[in-house]
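The residues making up each chain are set out below.
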Amino acid sequence: MSPVFTEQDVAFMQHALMLAQNAERLGEVPVGAVLVRDGEIIGQGFNAPISRHDPTAHAEVLALRDAATSTSNYRLDNTTLYVTLEPCTMCVGALVHARVTRVVFAAAEPKAGSLVSARRQLESGYYNHVFVFEGGLLADEASTMLSDFFRRRRAMQKAASSDEG
């Protein structure tokens, strides 16, 4: 059965997509994330590992850091994370440790996704906390943004290598 998303879910994912555009403007993979509690954004972030020189600066981690700072608490229970791409292994671990309640993602990530794609981490039974998750909200928009980004990047790399030759 397909997940049923609310108007509020759509609005928060649209905000995450806007944040993903910020990442893209910096030359980062366009992923954005918003953490919400009681209908209010308490944290947000977008991919920035290149610009921050930080391999952990994924959109989800930055949204968690922002929320933990704004709430003065590393436990972020009763929250929903909206993210434009299925979280990776590192991000799933951070979401578990933060005690996030729900994750809504747009596009699946076949190579590194750790909820429904490459790995199904929460099915392991090893975690003392698990969250519910749903995918596919505004997936076409997120997938198009990612595909276009990588297409442009490959074209730039091809042009650069032909200039060298």
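All of the points below concern the structure found in this document. (Residues numbered from 1 in each chain as written. Predicted model: local features only at pLDDT ≥ 70, side-chain atom pairs only at ≥ 80, totals over all residues. Heavy atoms only, no water.)

**Describing helix H1 (residues 7-25)**
1) Next: Spanning 19 residues, H1 covers 28 Å between terminal C-alpha atoms, matching the ideal 27 Å at 1.5 Å per step.
2) Next: Residues of H1 that are buried: Asp9, Phe12, Met13, Ala16, Leu17, Leu19, Ala20, Asn22, Ala23 and Glu24.
3) Next: Against strand S1 (32-37), strand S2 (40-46), strand S3 (80-85), strand S4 (102-107) and helix H5 (139-164) lie the buried residues of H1.
4) Next: Directly beyond the C-terminal end of H1, a positive phi value near 80° is found at Gly27. (Helix = DSSP H or I, 4+ residues; strand = E, 2+ residues; numbered from the N terminus. Expected span 1.5 Å × (residues − 1). Buried < 20%, exposed > 50% of the residue type's maximum accessible area, 1.4 Å probe, protein only. Contact = heavy atoms within 4.5 Å.)

**What to know about the sheet that holds S3**
1) Next: Across the sheet, five strands lie side by side as S2-S1-S3-S4-S5; this open sheet has mixed pairing. In this open sheet, the two edge strands, each paired with only one partner strand, are S2 and strand S5 (132-135). Going from strand to strand, the sheet's axes swing by 15° on average, the running direction of each strand aside.
2) Next: With five bridges connecting them, S3 and S4 associate as parallel partners. Directly across from Thr80, in S4, lies its bridge partner Arg102.
3) Next: Across the sheet, H1 lies against S1, S2, S3 and S4, angled at about 145° from S1, the strand it touches most. (Pairing = 2+ DSSP bridges. Axes fitted to C-alpha atoms, helices over the stretch in contact; angles between N-to-C directions.)

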